[in-house]
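# Understanding the architecture of this molecule
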Amino acid sequence: MSLYHETAALLTATGAPSGSIKSRIFGNKELKSPPAQVYALALESCKWSGVLKEVIENAQLLQTERKLTPALAVLLVHDYLVNKSGIALPQTHGLRAAVERHKARLSSEFTRARLRRRCATLDELRAVVEAESRTGPVHPRWIRVNTLKTTVDDQLETTFKGFEIVPSVQDVISAPAGSKTLCLDGHVPNLIAASPGTDFTKTEAYKTGAIILQDKASCFPAYLLDPRPEDGDVIDACAAPGNKTTHLAAIIRGRDSTEQKIYAFEKDRNRAKTLDMMVKQAGSDSFTVIHRGQDFLKVDPSDKAYKKVTALLLDPSCSGSGIVGRDDLPDFHLPEGPAKASAGKGDKKAAPASKTDRKRKREDHDNKPPAVVVDDDGETTEFTSEKDLNARIEALASFQLTLLLRAFTFPHAKKITYSTCSVYAGENEHVVLKALNSEIAKNRGWRILTRDRQTRGMQEWPVRGDVDACDGDETVAEACIRTYRDDGRGVMGFFVAGFVRGDDGSEVDAKDDEGPFVRDAEGRIIRDGEGIPTLKATGKKAVDLQELGEGGEETQIGELPESGGVDDEGPYVRDADGRIIRDAQGMPTLKPKGKKKNRQKQKKAKAASGPATVDKADAVDEWGGFED
């Protein structure tokens, strides 16, 4: 009994309740019924209330059953006609009996309502109801194919079998209710837009982690970061629930990289459990290190554990203003009670609204809806004054900037993405400008990742940053990527910008104590079969022996010392402290001892003179790789 009375009370509450219906239900400690059950009943009854209002009025249920209120009637009739489990009350309960006494009339009127909507089956009517009940702009169902476990082609043949492929997202959104359409996204690889309202949570692909439900805009940060094998390890600073973490994992493994790791930080232990579960389900737990309950701001950037980290993804807590309204309930249509129904049938006019009612209507019309923000846990906060909202945005922006500047301090970091699901410039463009103008950005060479250097899909995304919010800097504004939830593109409100360091965005700081070459976990330089190391900046060999051999008369290599023993300091020039002197590309300088020889001429001369014995000096003059 409590379920129906409590749900009716929440749906018909007067005044201006704070927060969304979802937050009010799950935050209500006085509910006797399970909050999830109350929310499900409220949501589904609101969706169906337009149809049920017709059914109840035409069946004259409220004229016969005077104990039923209009709200209770909608809730009970919904469960009787639509819910497969029926009314959640004992068979002898008075409320259940009040409805089931009229089952023949109710079923008949329900059939008429279905036929009036030209629906042959209940499933067709359900699709129409879903379409009519949507609030705000229509969004497709975004699905990211998890390439760690499957491919787009495989999913098209299984999960999406029977779907019609259409050219654009707009075609998906505008398709008739109940149709099954999809579009392969043109900006983010392995992303699919499917018909709005389609439930994929019961599919095998969803249960096994082969597909992940993720808004298109939420896919931008990992795709823009674009981690490559030469980039080393990656950090996700605020990782829960794990959509972006697992997207990073799919991109990394998609490039056949087996050495890279992802370090995922989440300071909230409860949210970290969700992150852990998602990473395991996505199949990336073998190379994702989850730091449960650890605050990224307390991490030591110079810790040897992160010496290979060159890319960081930052998606900090924000106002959530880009996703406001996604859990708003549809309108709750109430049937007319006996008094209003009888007034409508007779010649008498309904009583005019009282002065108090008219005054309340004017007040409701004049009052502007409060600004709403939603935090990472889904908690909703309403701000009735612009001053309070600005104070909240300012506090969030201060934290976001602190997090971004912290990322700038990682010694080997080369690229960073910063994102929010906010529409406020205070959390977006303003944070970007402050970061770029910071001392640490100037000292370490951090700059904005310009549009022409972004991944192809992000270059082509048309919605960019606000020029005014960027103090008129068009380059920065063009580099910033925005989305709006009401512009017809089918995405949530979002913001993302990239930062890079060096001339081409990939150069390591000149003060890199470990030098320019790739090293293993123990700090030793990794060399190929010929002993040649790999440059961090390019991922290529430091020296191409084939190019040296094909250099003709101009290709020359300095001669090594001609003494019988090996030079204790090696063949390279060193400074006063014994450190090898390197040029801007990290290449060492050979000691200028003796004349330069053409190595090809040497080989030809030796070949002409026949086999020769190799003495000690010749042994020293063999390539042994760069000195560590």
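Every value quoted in this text rests on a predicted model; they were computed, and no experiment measured them.

What follows covers the overall build of the protein. Tallying secondary structure elements over the protein gives 24 helices and 15 strands in all. Per-residue burial for the protein yields a buried fraction of 45% across its 628 residues. Taking the contacts inside the protein whose residues are at least 6 apart along the sequence as the reference set, 71% of them involve residues at least 24 apart. In the structure as shown, the protein presents an accessible area of about 33,100 Å², 49% of it carried by carbon and sulfur atoms.

The next thing to look at is the packing of aromatic side chains. Here the structure, examined in full by the defined rule, presents twelve aromatic pairs. The cationic tip of R253 hangs over the ring face of F287; the distance from NZ or CZ to the ring centre is 3.7 Å. In this arrangement the basic side chain of R489 is found over the ring face of W461, its NZ or CZ atom lying 6.0 Å from the centre.

What follows covers the nonpolar core. In terms of nonpolar packing, the biggest core is built from 46 residues, with Y4, W48, L68, L76, V77 and F110 touching the most fellow members. Ranked by the residues each element gives to this core, the list is headed by helix α3 (residues 35–59), at twelve residues. Those residues within four positions of L76 in sequence are excluded, and the remaining contacts are Y4, L68, I87, L89, L95 and V99. Membership of the second largest hydrophobic core comes to 37 residues, among which are L403, F410, A477 and A497.

What follows concerns the pairing of strand β9 (residues 309–314). Both faces of the sheet carry side chains from a regular strand, because those side chains alternate between them. Where burial is concerned, most of β9 is hidden: six out of the six residues are buried. Of the strand pairs in this sheet, strand β6 (residues 233–236) and β9 are connected by four bridges, and their pairing is parallel. Paired with V234 across the strands is A311, a residue of β9. As defined by bridge partners, β9 adjoins strand β12 (residues 415–420) across four bridges and the pair is classed as parallel. In the strand pairing of β12, A311 is matched with K415.

A word on the UniProt feature "binding site: S-adenosyl-L-methionine" (unreviewed entry) in the protein. Listed under "binding site: S-adenosyl-L-methionine" (unreviewed entry) in the UniProt record, and renumbered for this structure, are C238, A239, A240, P241, G242, N243, K244, E266, D295 and D315. Lining the largest cavity, from the residues named above, are C238, A239, A240, P241, G242, N243, K244 and D315. Here G242 lies in the loop between β6 and α13 (243–253). Leaving out residues up to four positions away in the same chain, G242 has contacts with L275 and M278. Checked against the element boundaries, N243 lands in helix α13. On the accessibility criterion, N243 (17% relative accessible area) is buried.

Positionally, Q155 belongs in helix α9 (residues 152–157). In this structure the side chain of Q155 is engaged in a polar contact, spanning 2.5 Å, whose partner is the side chain of T159. Filtering out sequence-adjacent residues up to four positions away, Q155 remains in contact with V145, T150, F160, K161, A205, A210 and I211.

With that settled, consider the confidence of the model for the protein. Averaged over the protein, the pLDDT score is 81; the fraction of residues at 70 or greater is 73%. Contacts of residues 504–513 to residues separated by more than four positions or lying in other chains number 19 contacts, the stretch itself having pLDDT below 50. Taken as a whole, residues 548–567 scores under 50 in pLDDT and shows 33 contacts with residues more than four places along the chain or in a different chain.

Counting across every chain of the model gives one cavity of 30 Å³ or more. Its boundaries defined by the atoms lining it, the largest cavity holds a volume of some 50 Å³. Lining the largest cavity we find D236, C238, A239, A240, P241, G242, N243, K244 and D315. Of the residues assigned to the lining of the largest cavity, the class counts are four nonpolar, two polar and three charged.

Parameters at a glance
Think of each chain on its own: its residues are numbered from 1, step by step along the sequence as written. For this predicted model, a pLDDT threshold of at least 70 governs which residues receive local features, and a threshold of 80 or more governs which side-chain atom pairs are given and counted, while totals over whole chains, interfaces and linings are taken from all residues. In computing side-chain values, all of the structure's heavy atoms are included and hydrogens and water are not. Numbering of helices and strands runs from the N terminus, with a helix taken as a DSSP run of H or I at least four residues long and a strand as a DSSP run of E at least two residues long. Buried, partly exposed and exposed residues are distinguished by accessible area as a fraction of the type maximum, computed with a 1.4 Å probe on protein chains only: under 20%, between the cut-offs, and over 50%, respectively. Should any heavy atoms of two residues lie within 4.5 Å, those residues are considered in contact. Per-residue and other accessible areas were derived by the Shrake-Rupley procedure at a 1.4 Å probe size, with only the shown protein chains allowed to occlude residues. In this scheme Phe, Tyr and Trp rings, the latter by its six-membered ring, pair at centre separations within 6.5 Å, and the angle between planes marks the pair as stacked below 30 degrees, edge-to-face above 60, and tilted otherwise. Counting as a charge over the ring demands two things of the Lys NZ or Arg CZ atom: a distance within 6 Å of the ring centre and an angle within 35 degrees of the ring normal. The definition of a nonpolar core used throughout is a set of buried Ala, Val, Leu, Ile, Met, Phe, Trp, Tyr and Cys residues joined through side-chain atoms within 4.5 Å. Two strands qualify as a pair provided DSSP detects at least 2 bridges between them. UniProt positions are given in the numbering used here, feature names are shortened, and annotations may be inferred rather than shown by experiment. Site definitions follow a grid-based scheme: protein atoms alone, a 1 Å grid, a 1.4 Å probe that fits but cannot get out for cavities, and for pockets an open set with protein on both sides within 12 Å along at least five of seven lines, plus lining residues having an atom within 4 Å of a point. Counted as a polar contact is a pair of N or O atoms within 3.5 Å, where, for protein atoms, one must be capable of donating a hydrogen and the other of accepting one, and residues adjacent in sequence contribute only when both atoms are in side chains. One confidence number per residue, pLDDT, is output by the predictor and ranges from 0 to 100. Grid points are joined across faces, edges and corners, and a volume is the space filled by probe spheres set on the points. Each residue is assigned to one class: nonpolar for Ala, Val, Leu, Ile, Met, Phe, Trp, Tyr, Cys and Pro, charged for Asp, Glu, Lys and Arg, and polar for all the others, Gly among them.

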